[in-house]
Amino acid sequence: MKKLYFIISVIIIIPFIFVSCNNSSTESTGTEENELHQEAESNDTSAGHSHDSTEYSLMTIRKEPFSFSIKTGGRIMVDSKDIVIITAKTSGIVSMVNDYLFPGVKIGKGDIMFTISGSQLAEGNTELTLRQVKADLDEASANYERAKKLIADKIITEENFLSVKNNYDKLLNEYENLSSTSGSNGNVVSSPGAGYIKELFVVEGQKVEPGQELASIVSEHNLVLRADISPDKLSIIPSVESANFTVGYSKRLYKISEMNGRKISHGKSTGESSFYVPVYFRMDFMPELIDGTFAEVYLIGKEAVNAITVPDDALLEEYGKLFVYVADDDGEFLKRYVETGNGDGEKTMIISGLEEGEKIVSSGAYHIKISQTSTAVPSHNHNH
């Protein structure tokens, strides 16, 4: 009997157990679905914040002094008026006085550099000429002394005396001229000034003629910077006032304005071997600047007193035109096309399209463009 009651109880309870389990399973599944939905919503919100966190900066347009800059190439040169060409005064064989005569060697004023001897030549023998002139001068001197006595006693006429005197004076001048540049070893060639040797045009033992170039000497007074400008910028050249430059072997930025320099001239056309128009600047000599060195030049224009400028990062290009984003009072960003002038590598002058007091996006403009394309509005930082 007890077994019968037990079986009946089990049969009654089992359906309640299955119903309870099913309800529990259903509640658990609903909870998980809600959690997944909330997580998805959280991820969507996070993605939106990430997009909105794009940073940009605003600036208010203010008029200010501005000088444009043009980057170009150039070259360091010696000022032509500081180059002295030493030439031979007589014909003969060249002999170098010292073994250290090479380009770049310092030379003092009056230092003997060469001798030119004609002793080995049938013609143009300077030493022989000097001896002959000396012998003629000695004879003329004796005749002159005798003539002075004879004219005093009125033995010779005034005309004869003057003829003797003129011959003596002529030979004396000729001898002094030869002896001042010649010695026992031939014609002596010395440096007319202090500086350094730029070029040597002869070698030991070379035969030269009067007037032939022997060497060039550079006095350390001035240097010249030649900047080469593309012909399409020819109209800008008259407004260029100064320049800065760098050379490959130095980290220093050289400034013409700090080297007692100035613009001296500019070309009106390109040269025969160049497609560029040259602009020349004179500056003080600096030993570390090597003649012939190529330079990276930044030409600086005349300063504009009240110029409107924008950072280069603010400018975007579209269909060949430049524009900026202007912020209105409602926080919207309006595309504004502008006409630009020259820049200095960091900022660009605005000729038309902007007014003083307007606010523009000074950096991060590209992100604004992307944001407007995706219809998202970025957050921002205000820099005034």
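Scroll up to find the structure.
Residues numbered from 1 in each chain as written. Predicted model: local features only at pLDDT ≥ 70, side-chain atom pairs only at ≥ 80, totals over all residues. Heavy atoms only, no water.

## Examining the overall build of the chain
And step 1. Looking only at helices and strands, the chain has four helices and 26 strands in total.
And step 2. Looking at the chain as a whole, 32% of its 384 residues are labelled buried.
And step 3. The long-range fraction of contacts in the chain, counting pairs at least 24 apart against all pairs at least 6 apart in sequence, stands at 75%.
And step 4. Surface accessibility of the chain: about 23700 Å² in total, with carbon and sulfur atoms responsible for 52%. (Helix = DSSP H or I, 4+ residues; strand = E, 2+ residues; numbered from the N terminus. Buried < 20%, exposed > 50% of the residue type's maximum accessible area, 1.4 Å probe, protein only. Contact = heavy atoms within 4.5 Å. Areas by Shrake-Rupley, 256 points an atom, 1.4 Å probe, with all protein chains shown as cover.)

## What about the sheet that holds strand β10 (residues 195-200)?
And step 1. Taken together, the four strands give an open sheet; going across it, the order is β4-β12-β10-β6, and neighbouring strands pair in antiparallel fashion. Strand pairing shows two members of the sheet lacking a second neighbour, β4 (83-87) and β6 (106-107), which therefore form its edges.
And step 2. With two bridges connecting them, β6 and β10 associate as antiparallel partners. The residue bridging I107 from the neighbouring strand is G195, located in β10. (Pairing = 2+ DSSP bridges.)

## Examining unusual backbone geometry
And step 1. With a phi close to 55 degrees, N260 is a non-glycine residue in the positive phi region.
And step 2. With respect to the helices and strands, N260 occurs in the loop between β15 (254-255) and β16 (262-266).
And step 3. Of note, Y319 is a non-glycine position whose phi angle comes to about 55 degrees, a positive value.
And step 4. Structurally, Y319 can be placed in the loop between β21 (316-318) and β22 (321-327).

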